[in-house]
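# Overview (structure and organization)
Here's the letter readout for the chains.
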Amino acid sequence: MAGAYDDRDGKIWMDGALVDWRSANVHILTHAMHYASSVFEGERCYNGKIFKSREHSERLIRSGKLIDFDIPYTVDEIEAAKIAALEANGLKDAYVRALAWRGSGEDMGVAAARNPVHLAVAVWEWGNYYGDAKTRGAKLDIAKWKRPSPETAPSQAKAAGLYMIATMSKHAAEAKGCSDAMMFDYRGYVAEATGANIFFVKDGEVHTPKPDAFLNGLTRQTVIDMLKAHQIKVHERVIMPEELEGFQQCWLTGTAAEVTPVGQIGDYNFDVGQMTQDISAEYEKLVRS
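Residues numbered from 1 in each chain as written. Predicted model: local features only at pLDDT ≥ 70, side-chain atom pairs only at ≥ 80, totals over all residues. Heavy atoms only, no water.

Turning our eyes to something else, we now look at the environment of Val238. Structurally, the position occupied by Val238 is in the loop between strand E12 (234-237) and strand E13 (249-254). Placed 151 residues apart in sequence, Val238 and Glu87 show a C-alpha to C-alpha distance of 44 Å. (Helix = DSSP H or I, 4+ residues; strand = E, 2+ residues; numbered from the N terminus.)

Written out as structure tokens, the structure is:
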């Protein structure tokens with residue numbers, strides 16, 4: 001399967017039915033398209049098993065509630081939809097995108113309580129998110145845009161609207177020859193990359209930003225548990241920009257990114273060290289177990 005995402009063979013699950021990939025469309029006056037009233041999940045299926053599938057489905061429902069809508073499907077129904085989409089496309093190793101959104105209806109202003117909520121699941125093959133960065137280390141820009149205060153937007157929702165800042169930051173990074181950007185939060189503290197959480201190593205201990213203004217990723221939580229199981233000290237804390245100079249290793253975590261080493265952030269360089277390599281290898285083993 002290749003080519004533009006709207007022009008492929010296959011099936012997409014939409015509102016309870018499998019529809020032809022090219023026919024999986026919505027009306028131009030869909031509320032989500034105008035006002036970002038949508039939430040989503042990114043998941044990976046390895047050897048026919050979606051890693052932490054149920055946790056993703058639970059978070060999708062929570063995200064909907066955080067932006068003020070109820071998804072009209074249970075966790076079990078979302079799980080069944082994902083399996084149906086994978087089977088219909090004959091995929092065992094795939095990226096899984098579940099998306100819920102306010103559709104078109106009686107309302108077409110900011111408020112849209114009368115509009116129906118829809119759900120879709122699409123699956124496709126997707127390789128390494130950062131290309132060859134798994135061995136060489138990704139190169140990151142430092143974004144000019146910041147993660148907003150949780151008093152501005154619900155930072156624990158995986159809401160489409162929050163990714164507008166990420167898209168702008170990633171485009172600016174790619175224009176400079178980087179593969180992603182590291183973002184600060186509204187206070188100027190180190191936050192995350194555009195779609196992945198960030199970890200640093202210093203003198204055998206791990207430091208990672210406290211997720212109080214950005215999504216506490218499921219992969220992030222998994223990696224912290226792995227580190228603690230190895231008796232590696234993990235500091236979840238405020239990290240100031242000037243501390244970047246003193247860190248020796250760095251990696252990103254996310255469903256798409258998995259565990260990806262970072263070689264450079266702005267003018268700061270990092271080694272793709274032993275701990276980074278070990279955690280990356282262990283995560284690869286875990287998701288396929």
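This brings us to the pattern of salt bridges. Scanning the model with the defined rule gives 17 salt bridges in all. Close ionic contact of Glu43 with Lys82 constitutes a salt bridge, the shortest N to O distance being 2.7 Å. With a gap of 39 residues between them, Glu43 in strand E3 (residues 38-46) and Lys82 in helix H3 (residues 75-89) connect regions that are remote in the sequence. This pair shows no difference in class: Glu43 is buried, exactly as Lys82 is. (Salt bridge = Lys/Arg side-chain N within 4 Å of Asp/Glu carboxyl O. Buried < 20%, exposed > 50% of the residue type's maximum accessible area, 1.4 Å probe, protein only.)

Turning our attention to the pairing of E3. Taking burial as the measure, the 9 residues of E3 include 9 buried ones, the bulk of the element. Along E3, one buried face is formed by Ser38, Phe40, Gly42, Arg44 and Tyr46 and the opposite face, lined by Val39, Glu41, Glu43 and Cys45, is buried too. Note: E3 against strand E5 (residues 94-102), 8 bridges, orientation antiparallel. In the strand pairing of E5, Glu41 is matched with Ala98. Across 2 bridges, E3 lies against strand E4 (residues 49-50) in antiparallel orientation. Across the sheet, the residue bridging to Cys45 is Ile50, located in E4. In this structure, the hairpin formed by E3 and E4 is closed by a connection of 2 residues, where Asn47 is found at a positive phi of approximately 50 degrees. (Pairing = 2+ DSSP bridges.)

Quick look at the side chain of Arg147 now. Tracing the backbone shows Arg147 in the loop between strand E7 (138-142) and helix H5 (163-175). Arg147 gets classed as buried once you look at its relative accessible area, which sits at 5%. Looking at Arg147, its side chain comes within polar contact range of the main-chain oxygen of Leu162, at 3.2 Å. In contact with Arg147, not counting residues within four places along its chain, are Leu162, Ile165, Ala166, Met183, Phe184, Asp185, Tyr186, Ala191, Glu192, Thr194, Ala213 and Phe214. (Polar contact = N/O pair within 3.5 Å; in protein donor to acceptor, adjacent residues only side chain to side chain. Contact = heavy atoms within 4.5 Å.)

The subject of this paragraph is the packing of aromatic side chains. In total, this model carries 10 aromatic pairs according to the counting rule given. Considering the side-chain rings of Phe51 and Tyr283, the 5.8 Å spacing of their centres and the 85 degrees angle between planes classify their relative orientation as edge-to-face. With Phe51 in the loop between E4 and helix H2 (53-66) and Tyr283 in helix H7 (residues 274-287), this residue pair connects regions lying 232 residues apart in the sequence. On the accessibility criterion, Phe51 (16% relative accessible area) is buried. Judged by centre distance (4.6 Å) and plane angle (90 degrees), the ring pair of Tyr95 and Trp126 falls under edge-to-face. With Tyr95 in strand E5 and Trp126 in the loop between strand E6 (117-124) and helix H4 (133-136), this residue pair connects regions lying 31 residues apart in the sequence. A relative accessible area of 31% places Trp126 in the partly exposed class. In this structure an aromatic cluster arises from ring pairing among Tyr5, Tyr95, Trp124 and Trp126. (Phe/Tyr/Trp six-rings, centres within 6.5 Å; stacked < 30°, edge-to-face > 60°.)

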